[in-house]
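Examining the three-dimensional arrangement
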2 protein chains.
Amino acid sequence: MPAARRRPEVVIVGGGFAGLAAARALQQSPARVTVIDRHNYSLFQPLLYQVATAALSPADVAAPIRSLLRAANTEVLLDEVVGVDVERHRVRTAGGRDVGFDFLVLTTGSQYNYFGHDAWRAFAPGPKTLDDAVEIRRRLLLAFERAEMCADDGERRALMTFVVVGGGPTGVEMAGAVAELAKATLVRDFRRIDPASAHILLIEAGPELLGAFPAKLGRYAEKALAKLGIEVWLNARVEHIDAEGVVANGRRIAARSVIWGAGVAATPVAQWLGVRPDRHGAVDVNADFSVPGHPRIFVVGDVARALGADGKPLPGLAAVAKQEGRYVGALLRDRIAGNKAATAFRYRDYGMMATIGRSAAVADLRGFQFTGRVAWLLWGGVHLYFLIGFRNRLVVLINWLWAWRTYARGARLITGRGPSRPVAPAPRRPSPAVP
Amino acid sequence: MPAARRRPEVVIVGGGFAGLAAARALQQSPARVTVIDRHNYSLFQPLLYQVATAALSPADVAAPIRSLLRAANTEVLLDEVVGVDVERHRVRTAGGRDVGFDFLVLTTGSQYNYFGHDAWRAFAPGPKTLDDAVEIRRRLLLAFERAEMCADDGERRALMTFVVVGGGPTGVEMAGAVAELAKATLVRDFRRIDPASAHILLIEAGPELLGAFPAKLGRYAEKALAKLGIEVWLNARVEHIDAEGVVANGRRIAARSVIWGAGVAATPVAQWLGVRPDRHGAVDVNADFSVPGHPRIFVVGDVARALGADGKPLPGLAAVAKQEGRYVGALLRDRIAGNKAATAFRYRDYGMMATIGRSAAVADLRGFQFTGRVAWLLWGGVHLYFLIGFRNRLVVLINWLWAWRTYARGARLITGRGPSRPVAPAPRRPSPAVP
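As a starting point, this report considers the structure included with it. Residue indices follow the written sequence of each chain, beginning from 1 at its first position. Each chain takes a letter, starting from A, and each ligand takes a number, starting from 1, following the order in which they are written. Confidence filtering applies because this is a predicted model: local features only for residues at pLDDT of at least 70, side-chain atom pairs given and counted only at 80 or more, and all residues used for totals across whole chains, interfaces and linings. The basis for the side-chain values is all heavy atoms of the structure; hydrogens and waters are excluded.

**What about the packing of aromatic side chains?**
To keep things clear, this is the line we draw: Centres within 6.5 Å are what make two rings of Phe, Tyr or Trp a pair, Trp counting through its six-membered ring; a difference in plane orientation under 30 degrees is then read as stacked, over 60 as edge-to-face, and the rest as tilted. We call a charge positioned over a ring when the NZ of a Lys or the CZ of an Arg lies within 6 Å of the ring centre and within 35 degrees of the ring normal.
Under the defined criterion, the tally for this structure stands at 22 aromatic pairs over all chains. Feature note: the residues Tyr114(A), Phe115(A), Trp120(A) and Trp260(A) constitute an aromatic cluster, connected by ring pairs. It is Lys128(B) that lies over the ring of Tyr112(B); its NZ or CZ is 5.4 Å from the centre.

**Focus: the sheet that holds strand E2 (residues 32-37) of chain B**
Residue and element names in this part refer to chain B. Cut-off, in case you're wondering: Whether two strands pair comes down to DSSP finding at least two bridges between them. Starting at the N terminus, helices and strands are each numbered in turn, a helix being any DSSP run of H or I of at least four residues and a strand any DSSP run of E of at least two.
Strand order in this open sheet of six strands is E5-E2-E1-E9-E21-E20, and the pairing throughout is mixed. Where the open sheet ends on each side, the last strands, each with one partner, are strand E5 (74-78) and strand E20 (290-291). Bridge analysis of E20 against strand E21 (residues 294-299) gives two bridges, and the strand direction is antiparallel. For Ser 290, the partnering residue across the bridge sits in E21 and is Phe 298.

**Thoughts on unusual backbone geometry**
Within the chain, Arg366(A) stands out as a residue other than glycine whose phi angle is a positive 50 degrees. By secondary structure assignment, the location of Arg366(A) is in the loop between strand E24 (360-365) and strand E25 (368-371). Not every positive phi belongs to a glycine, and Phe115(B) is a case in point at roughly 50 degrees. Here Phe115(B) is to be found in the loop between strand E10 (110-113) and helix H4 (130-148).

**Considering the pattern of salt bridges**
Residue and element names in this part refer to chain A. Just so we agree on the cut-off: The term salt bridge refers to a side-chain nitrogen of Lys or Arg lying within 4 Å of a carboxyl oxygen of Asp or Glu. Each residue's exposure class comes from its accessible area (1.4 Å probe, protein chains only) as a fraction of the maximum for that residue type: buried when under 20%, exposed when over 50%, partly exposed otherwise.
For the structure shown, the criterion picks out 40 salt bridges over all chains. One salt bridge in this structure joins Arg 138 and Glu 135, with 3.2 Å as the shortest N-O distance. A residue pair is termed a helical-turn pair when its members lie 3 or 4 positions apart in one helix, as Arg 138 and Glu 135 do in helix H4 (residues 130-148) at three residues. Per residue, the accessibility class of Arg 138 equals that of Glu 135, and both read buried.

**Side note on the pairing of strand E12 (residues 199-203) of chain B**
Residues and elements named next belong to chain B. The following threshold applies: By the criterion used throughout, a crossover qualifies as right-handed when its path from the first strand across the helix to the second strand runs clockwise, the strands pointing away from the viewer.
In terms of burial, E12 is largely enclosed, as four of its five residues are buried. Bridge analysis of strand E11 (residues 161-165) against E12 gives five bridges, and the strand direction is parallel. Bridged to Thr 161 within E12 is His 199. Of the strand pairs in this sheet, E12 and strand E13 (residues 230-233) are connected by four bridges, and their pairing is parallel. Bridge pairing links Ile 203 to Trp 233 in E13. At this point the chain moves from E12, through helix H7 (residues 215-227), to the parallel E13, and the crossover so formed is right-handed.

**Section: the nonpolar core**
Worth spelling out the cut-off: Definition used in this section: a nonpolar core is a set of buried Ala, Val, Leu, Ile, Met, Phe, Trp, Tyr and Cys residues joined via side-chain atoms within 4.5 Å. Note on contacts: a residue pair qualifies if any of its non-hydrogen atoms lie within 4.5 Å across the two residues.
Ranked by size, the top nonpolar core spans 126 residues in total, and within it Val10(B) and Val299(B) carry the most contacts. If you tally residues by element for this core, the top one is H4(B), at nine residues. Residues within four places of Val10(B) in sequence aside, it is in contact with Leu26(B), Ala31(B), Arg32(B), Val33(B), Thr34(B), Phe103(B), Val105(B), Leu332(B) and Ile336(B). Core analysis: the second largest hydrophobic core is formed by 125 residues, Val35(A), Val91(A), Leu140(A) and Ala224(A) among them.

**Digging into helix H11 (residues 393-406) of chain B**
Note the following rule: By this rule, a helix spans an expected 1.5 Å times one less than how many residues it contains.
Taking 1.5 Å of rise per residue, 14 residues should cover 20 Å, and H11(B) covers 20 Å from first to last C-alpha, within 8% of that figure. Those residues of H11(B) that sit buried are Val395(B), Val396(B), Ile398(B), Asn399(B) and Trp400(B). Residues of H11(B) that are buried make contact with helix H11 (393-406) of chain A together with helix H2 (48-52) and helix H10 (372-386) of chain B. Taken from the residues just after H11(B), Tyr407(B) is the one with a positive phi, measuring 65 degrees.

Set out below in C-alpha cells:
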C-alpha cells in the first residue's frame, strides 16, 4: 500500500457570495474544505433593505450555510476569525480555535465606514447584517409609534423625520422604501399623526445620485425620489450625527432616525495579513487573487482590490464577489489536481440595478439603460432569480405580489428589545359628540 | 343644539385573541375604544412552537394590531399597563400614561408558571412571546453547532440532550418538533455529530400525556412520540433546573437545552384589581365576565376563571378567549346603545387538537376522536383557517408544503446575540487518504 498523501486543507473565511462560490467550485476536489463564518446563514444582501423596512422577514433573505454546502469534503464552522498566522499557515478564531491551512481564501466582505466617526454608528446603523436590519426596522416602526403618542410638536417632528446618508444604491433604496412604508403602508393605521407627512431626507456628498451609474439614471432617481416626497441634498457633507439628529452643510436636522448607507470599508483582512490596505481598507491582490508575497493566501470579494479590464478597481457587487469566488475555487481545484494554471480572471459585467419604489427603478445592462416600470420588473426578476438555492424565492414573490396589491408589508414587527421608552402622553384629538 | 353627550371610553388591555375579538365587536359602536398592548403585533400563539423550532418566521405568526383594528372609533396604544385604579377608573402604564375608562376589558393572558422557582426561567424558557420563541430557536440551533465543535464526550452528550417539561399540547408539540428538527432537517448537515442521535426527553408530572384530552388520545401521543425516538417520563416531578440540566425524580439529566411547557399562570390582573386569584392566578368573574364588586371592569380569556356549562373552569384555549372577547364586546356595545342585556355566555366547544409530527396528531372534535394523518391534516387546515385576517396563511402553507416535501425548515437562523461562546475544539475525524 502506498503511503497516504495528506489531503490539502482549504480554509475559506466567510460564507457570503464569494465564499459560497469558492466552496462550490471545490466540492469535487480531493481537498478538504472548511468554511468559517460567524453566522450560521448566508445572507442575500441586495434585499436586506427590505428586511429593514418591514417588507421581508430575515429568513426570506438568508439560508443556512450548512444546507447550502453539503458536499462530503466540506465542513462548516460557526466561529469568528480574529487573525491569521501567515508564517505558520493558521487562522485563529474567537472560539479559541487554531485552524491550519494549505490554502486560505479570505472573503469577509465589507462593513459600513463612518469615515473616522465611529461614535456615529450607534445613532445611524446601516443595513449590513440581519441584526442591523432588524434594529433599523425596530427604530423606524417605533418612531411612528412614539410620534403617535407624543404631545410635543418639535419632538413629534423629529420622530417623523428620517435621514438617509449616502446616495448610492443602498441609500436610494432605503429612502424609497422608508417613503413607501410611511406613505403607503402605515398611512391608514394611525389616529393622531399622519404618517404620509413623514419627512425623508437623503444626503449625498457628491454632485449626483447613483454615481456609479450613467448620469441620466442618477437624474431619473432624483426625480423618482422627489415624486415620493423625498428631499435630496447633493454636495452635502455630514458633519455630525448624534441622538438629536444630523448636522450637514452647517444645518442641524432634528431627526430621531438616521440610516447610514454612505461608504463601506473592508473588514480588517489587511491588518491580519500585515499588508497596507487601500483607503477603503481593501487588499491589493495579484491577477489570481493571491496576496503579493503570500502565494497560498487569496483575498476575494469586497475585501480585495482587484482591477478590471479598464484598469479601475472592480466594484463591491454581489456579481463580482461571486465570479471572483468561483474563479479562485476553480483555480485551487485545478492546482490541487495538478492541472495547468487556469486562464486569467475576467469579470463578466452584466450591469447594475437599483430600485426606488413601486414601478420605479434604474438598470444599466451592458450599455442599455432602463428606467421606470420596465427597470422595476427587471430588478424584481433578477433578484428573484439570484435567490436560487434559497427556498425563499416563492415566499418573497408572494410577499411582493401581496404588497403590490395591498400596500401592506409582511413583517411589521417591533422585536428584540423592551417596549417603547416613556414619552409624554399626547392630547386626544377632539372627537365628535354622540348625536 | 343639544349639549354634547360624552362618548363612553372603552379601554381594552391586550391585543390577543380576546382583545381583538372585543374590539371588533365594538367597531360600530359610538364608544371610543382604546386597545393597549406592549407589542405592536397580535400573536397567533398556537403556531409559536413552529417559530421556536425554525419552521416558521416570527412575521408568519404575527400581524400588526393597528392594521387589524382600523375602525375609526378605535385607537391602538403601544404601551404596557402596570396597574389599575379601580376607584378613579384609570389604568396606569409603564410609559407614564394614565388612561381613563368608562369600561375596562382586561385580556392580558397567561405566562409560564415555574411553580415558585423563578430561577428556572433563565434555563428553561417557554414559547409564550415571539422573543421567547426566537431565543429557544437560537438555543436549539446553537446546541447542535456547539456539539459539532465539542471535543468532550460528556459535554457533547449534554449539548445533544433536549428536555421538554410538560406533557400538555405545548410540551408534546415542542418535543415532536425538536425531534423532527434533529432527525429530519439537520441530519445531513453535520460532519462530526449525528443530529439523529439527539436525545429528547419529555417529562410530565401526571400519569398521562395530554391530560385534557380523552385518555386514548394521550396513549396515541405516547406511541407517536416513541416512534420519533422521544423518551417520555410520566409521573415525574421536576425538582431542579440549572445551567447543567434537570433533576427529576431524583435523577440528574445533563442537558444544555431545556424547554418549559408545564404550567401557565395568569398575568397579574388580580393584583391590579386587589382581588384574590385562584391558584393559577386567574380572577373569578360573574356570568357576564365583570369582576364582582366592579361592574365596569371585565376580565376575559386566560386571565379569567369562567365556568362552563358543566360547572368546571373553561380551558385556556384560543377559541375560549375569542368567544369570551366577542361576547363582552357585544355586551358593551348593546349596553352603550341602551339595548337590553345580552343573553348569557355559552362556550361553543368545537374541540381540541394537538400535533406531534409528520402525519401524527390528535383531535377531539365534539366527541369524535381522530389520530394519525387524518388528525394531522385537520390540524393543519384548522390552523390555516384561523390565521384568517393575517396575510400569513399563504406563506405558512408554502412553508409547510415545502417542509413536507424536503424536510427542510425555512427559518434556521441563529440571531439576536453574538456568535457561539468558545468551546474546546473538536478532533477532526480521520479522513481517507487521497488514493
